[in-house]
Amino acid sequence: MSRLRMLIAAAGALWAAHASALQPLEEFLRGARASHPDNAEAEASRRQTDAAADGELGRALPRLTLRGTYTWSQYDSALEIPGLPPITLTPKESWDGSATLDVPLVDLARFTRIASARSSARAAATGTSVTDLQVQARVAQGYYQLLANQALVASSRRALAVAQSSLRIAEQRHAAGAAPLLDVDRARAEVERNVQQLAASELQASVVARALQSATGLSPELQGEVAFGDDLHEEPPLEQFQVPDDRIPSLASAMESRRAAEQQASAQRLTLVPTLRAGVTESVNNVGVLPGHKASAVGVVALTWSFDLTTLADIRAQDAAADVARAREQRARLAARDAIHDAWMTVRTNVARSRSARVQAQVSSRASELALERYRVGDATQLDLLQAQRDAFAADAARIQADADLVNSRSQLRLAAGESLLSRSGGTP
């Protein structure tokens, strides 16, 4: 975790350098954890599953039932036997009360379903971590893309300024008779092309910023120019990211779901075992439940066993459900390992892309500057200048995107390995 925090801090320092006022990535991640609908849904699902598990436990615990009634009759009746006190058969008013305690003694199927419900609750709890990491992945990608778009806006403004400078040079050379009017028209058209490019860059930055705000509830601060980069270091060996299964939330959740399905299958088989219950009921009324007795108690011990064709069908159905859960666990395992491998290889590829894009941008920038100087003194055609300037902008845009993809891929690698981008002080679900 300390290595992760250092990497995030280093990346944040590189990306948020100079006058950029964009908030740190961790602020957006915390905002998404608190307000993103996916996280809210996962948390509600976890609470629902916890409640279901408690309900399953409650059905296996002793149950106390209290009952009270009041009865009014228009007429009362009594049985009179010579030599004995009258016996009231139907009183004009009567109050009856009873308390029944029912205790399951042996119900193996029910007890096993409790274990299954607990496994499902653990799967749902792990599912909140899965959702949190998925949301972090989307937020990180949007964050770094926004930084890239901001940098592209700044690059577009520089390209526009260069095109405007080239237009002034073309106008000066035309006024001096050293360049045709066609050069001026081409230079003006290039200025307008860069105006359109700037507008498109600003639109894309606005769209990404809005999406990031919707996902996190935090409004990005877009003032200032962004300067960013990466030190192009190689990641540790792939084996260091192949962590145990239980440390990858998506796989841990699938394992708990498989365990719950297997326990349900066992519970269904245990329905073939008889159940044993015991109960006691205490009854009281104002007349007397028996002559001379105001209260009486009744105890019951019941052994129950039932069987029909549906019992065998339900067993086969639960066995099949367990097989489905095992297949899903294996699919989750393969997907998790593939995701780690793909993310690691993506970082490796993006390091090479970023290194190459930086060299290309530097060379293209120098070529553009040289072409401008040569055109100024008449040693190069305007077409050469325009092509060099377009190549320089395209190379700079490619460098910006390559750096953004590289930093994002480092984050995605750690998320694929089950690591949160938030520091330990931020807490984990």
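Counting restarts for each chain: residues are numbered from 1 in the order of the written sequence. Totals for whole chains, interfaces and linings use all residues, but because this is a predicted model, local features are given only for residues with pLDDT of at least 70 and pairs of side-chain atoms are given and counted only at 80 or more. With hydrogens and water set aside, each side-chain value is computed from the structure's full complement of heavy atoms.

**Details of the overall build of the protein**
Secondary structure elements are defined from DSSP: runs of H or I of at least 4 residues count as helices, runs of E of at least 2 residues count as strands, and each element is numbered from the N terminus. Along the protein, the regular secondary structure elements total eight helices and six strands. N-terminal to C-terminal, the α/β element order of the protein is α-α-α-β-β-β-β-α-α-α-β-β-α-α. When accessible area is computed with a 1.4 Å probe and restricted to protein chains, residues below 20% of their type maximum are described as buried, those above 50% as exposed, and intermediate ones as partly exposed. Burial status across the protein gives 39% buried among its 429 residues. Nonlocal contacts in the protein, meaning residues at least 24 apart in sequence, comprise 83% of its contacts between residues at least 6 apart. Put simply, the protein shows about 23200 Å² of open surface, and 57% of that area lies on carbon and sulfur atoms. Whether two residues touch is decided by their heavy atoms; if any such pair falls within 4.5 Å, the residues are in contact. Every accessible area reported is derived by Shrake-Rupley at a probe size of 1.4 Å, with residue values counting cover from the shown protein chains alone.

**Regarding the packing of helix 5 (residues 181-216) against helix 8 (residues 382-416)**
To characterise two packed helices, one gives the angle between the axes of the helices and the distance between these axes. Axis separation between helix 5 and helix 8 bottoms out at 10 Å; the angle between their running directions is 10°. Considering the angle they form, helix 5 stands roughly parallel to helix 8. You can see that helix 5 and helix 8 cross each other, and the crossing is right-handed. Taken together, the residues of helix 8 that come into contact with helix 5 (itself represented by Leu 182, Asp 183, Val 184, Arg 186, Ala 187, Glu 190, Arg 193 and Gln 197) are Gln 382, Leu 383, Leu 386, Arg 390 and Phe 393. Three classes are used: nonpolar for Ala, Val, Leu, Ile, Met, Phe, Trp, Tyr, Cys and Pro, charged for Asp, Glu, Lys and Arg, and polar for all others, with Gly counted as polar. Among the residues making up the contact of helix 5 with helix 8, the classes are represented as six nonpolar, two polar and five charged. Where helices are involved, their axes are fitted lines through C-alpha atoms of the stretch in contact, as for all axes, and angles between N-to-C directions lie from 0 to 180°. An angle counts as roughly parallel when it lies under 35 degrees, as roughly antiparallel when it exceeds 145, as roughly perpendicular when it falls between 65 and 115, and as oblique in every other case. Handedness of each helix crossing follows the sense of rotation of the near helix against the far helix: counterclockwise by less than a right angle gives left-handed, clockwise gives right-handed.

**Looking at the sheet that holds strand 5 (residues 275-285)**
Should DSSP find at least two bridges between two strands, the strands are regarded as paired. The four strands lie next to each other as 1-4-5-6, forming an open sheet whose pairing is antiparallel. Since the sheet does not close on itself, it has two edges, and those belong to strand 1 (63-72) and strand 6 (295-304), each with one partner. Across the sheet, the mean angle separating the axes of adjacent strands is 15° when strand polarity is ignored. Pairing of strand 5 with strand 6, which is carried by ten bridges, proceeds in the antiparallel orientation. Counted as the bridge partner of Ala 278 is Val 301 from strand 6.

**Looking at the environment of Thr 381**
Relative to the helices and strands, Thr 381 is located in the loop between helix 7 (309-376) and helix 8. For the pair Thr 381 and Ala 371, spaced ten residues apart in the sequence, the C-alpha separation amounts to 8.7 Å.

**Quick notes on the packing of helix 4 (residues 108-175) against helix 6 (residues 249-269)**
Interhelical geometry of helix 4 versus helix 6 gives an angle of 165° and a closest axis separation of 8 Å. On the basis of the axis angle, helix 4 is roughly antiparallel to helix 6. In the packing of helix 4 onto helix 6, the handedness of the crossing is left-handed.

**Let's talk about the layout of surface pockets**
Quantified by volume, the second largest pocket comes out at close to 370 Å³. Residues are called lining when one of their atoms sits within 4 Å of a cavity or pocket point, these points coming from a 1 Å grid over the protein atoms alone, where a cavity is a set in which a 1.4 Å probe fits but cannot get out and a pocket is an open set with protein on both sides within 12 Å along at least five of seven lines. Lining the second largest pocket are 18 residues, and of these Val 162, Ser 365, Ser 368, Ala 392 and Phe 393 sit closest to its centre. Taken together, the elements giving at least two residues each to the lining of the second largest pocket come down to helix 4, helix 5, helix 7 and helix 8. Classifying every residue of the lining of the second largest pocket by side-chain character gives seven nonpolar, five polar and six charged. Grid points are joined across faces, edges and corners, and a volume is the space filled by probe spheres set on the points.

**Some remarks on empty space enclosed by the protein**
Here the structure, examined in full by the defined rule, presents one cavity of 30 Å³ or more. When its volume is computed, the largest cavity comes out at roughly 40 Å³. Lining the largest cavity are Ala 163, Ser 166, Ala 187, Glu 190, Tyr 375, Gln 382, Leu 385 and Leu 386. Among the elements that make up the lining of the largest cavity, the one with the highest residue count is helix 8 (three residues). Residue composition of the lining of the largest cavity, grouped by class: five nonpolar, two polar and one charged.

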